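Architecture and fold: a report
These are the residues of each chain, in order.
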Amino acid sequence: MLEFMNLNRNPDYLRSLINAVEQFKTALAEFLELQVETKDAGFGRGLLPAVVPRDDADPADVATRRSAVDQAAGAAANATLLTGIKIGVAGIGEIDPIAAWSTIADPKPLLEPPNVISAADSTIGRLQALISQAEAAAPPTTGVEAMHPLVWGAARKLWLDEHFQQAVAAAAEAVVGQVKALTRRNDIAETALWQEAFSNAEPTPGKPRLRWPGEPNDRAVKTMNDGLRQFAPGVQMTIRNSAAHGEQEMEPQDALERLATLSLLARWMERCDLVTAS
């Protein structure tokens, strides 16, 4: 628990939590597009859920979007745990608003959509405050501990046990797992997924793209997008595949350089915008 609480001093980890909460808000908004609030439909609160599906909503689409919110809530679970954001409910006590988001669709709802959205915004604000505190107090750091938390979090235990190749493999799996989560794709091989994620083709339904932020025609932005299109699949083929299938144990320096490359890819991916089909 002490190690977890110390994460409130890690700006990169806190930023990853903000990203997780933002994704939760996006998934919730997409779910609510297929819902109508019962109070807006002229019903009293009583036993009714706070929201019910629209008459024209496809039940399969509703179920898919609800599952997406559940997954996003799980990914954001540590955000409310770390910030202590709770909502008091009469007769129940304090509850985690992100973990309990689905009660908006239950009879006798504990929460309403504005409660959940407001709590998510408060969580993001608290995380931003923690980032400011952490950056003000933190001394300059270098080395494996300063790598992207996604990479170091996956590699840490194996690295400290001197299983360097396995540490690289675990970090690589964490990075590719993140691009799968961002694009919500698990239907193609990893190298092809990186190629499609950074493709310069327009996004299509079910195939979003990752784009370096900024004006697409700006030379620096275009250079980053072109570079990531080659860099990300290259990292998958040269670092992840060799770590997963190599038979010879890596030397610490070789493993360190590979972790640094994965950390760089994770940071760049985190800065990219997710562009979906209109």
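Please refer to the structure higher up on the page.
In what follows, the accompanying structure is described. Computed from a prediction, not measured in an experiment: that's the story for all the values here. (Residues numbered from 1 in each chain as written. Predicted model: local features only at pLDDT ≥ 70, side-chain atom pairs only at ≥ 80, totals over all residues. Heavy atoms only, no water.)

1. Focus on the pattern of salt bridges
Within this structure, the stated rule accounts for 15 salt bridges. In this structure, the salt-bridge partner of Asp 12 is Arg 267, at a minimum N-O distance of 2.5 Å. With a gap of 255 residues between them, Asp 12 in helix H2 (residues 11-32) and Arg 267 in helix H10 (residues 252-271) connect regions that are remote in the sequence. Residue Glu 190 is joined to Lys 180 by a salt bridge in which the shortest nitrogen-to-oxygen separation is 3.1 Å. With a gap of ten residues between them, Glu 190 in helix H8 (residues 190-197) and Lys 180 in helix H7 (residues 164-183) connect regions that are remote in the sequence. Classification of Glu 190 by relative accessible area gives partly exposed; the value is 22%. (Salt bridge = Lys/Arg side-chain N within 4 Å of Asp/Glu carboxyl O. Helix = DSSP H or I, 4+ residues; strand = E, 2+ residues; numbered from the N terminus. Buried < 20%, exposed > 50% of the residue type's maximum accessible area, 1.4 Å probe, protein only.)

2. Considerations on helix H5 (residues 113-137)
An α-helical segment advances 3.6 residues per turn. Residues three or four places apart therefore align on the same side. Over its 25 residues, H5 extends 36 Å from the first C-alpha to the last, a length consistent with the 36 Å expected when each residue adds 1.5 Å. For H5, the set of buried residues is Pro 113, Val 116, Ala 119, Ala 120, Thr 123, Ile 124, Leu 127, Leu 130, Ile 131 and Ala 134. Of the surrounding elements, those touching the buried residues of H5 are H2, strand S1 (35-37), strand S2 (51-53), helix H4 (77-83) and strand S3 (87-89). (Expected span 1.5 Å × (residues − 1). Contact = heavy atoms within 4.5 Å.)

3. Concerning helix H6 (residues 149-160)
The end-to-end C-alpha separation of H6 is 15 Å, in line with the 16 Å expected for twelve residues at 1.5 Å each. Where H6 is buried, its residues meet H2, H7 and H10. Of the residues one or two after H6, Glu 162 is the one with positive phi, at around 65°.

4. Points about a negative patch on the surface
Residues Glu 249, Glu 251, Asp 254 and Glu 257 make up a contiguous surface patch of negative charge. Mapped onto the fold, Glu 257 is located in helix H10. (Patch = residues over 30% accessible without salt bridge, like charges linked within 9 Å, V, L, I, M, F, W, Y side chains within 5 Å. Areas by Shrake-Rupley, 256 points an atom, 1.4 Å probe, with all protein chains shown as cover. Lys, Arg positive; Asp, Glu negative; His and termini not counted. Charge placed at Lys NZ, Arg CZ, Asp CG, Glu CD.)

5. So, the packing of aromatic side chains
With the rule as written, the count across this model stands at four aromatic pairs. Centre to centre, the rings of Trp 194 and Phe 198 are 6.2 Å apart; their planes meet at 5°, and the pair counts as stacked. Overall, the relative accessible area of 1% leaves Trp 194 in the buried class. Classification of Phe 198 as buried rests on a relative accessible area of 1%. (Phe/Tyr/Trp six-rings, centres within 6.5 Å; stacked < 30°, edge-to-face > 60°.)

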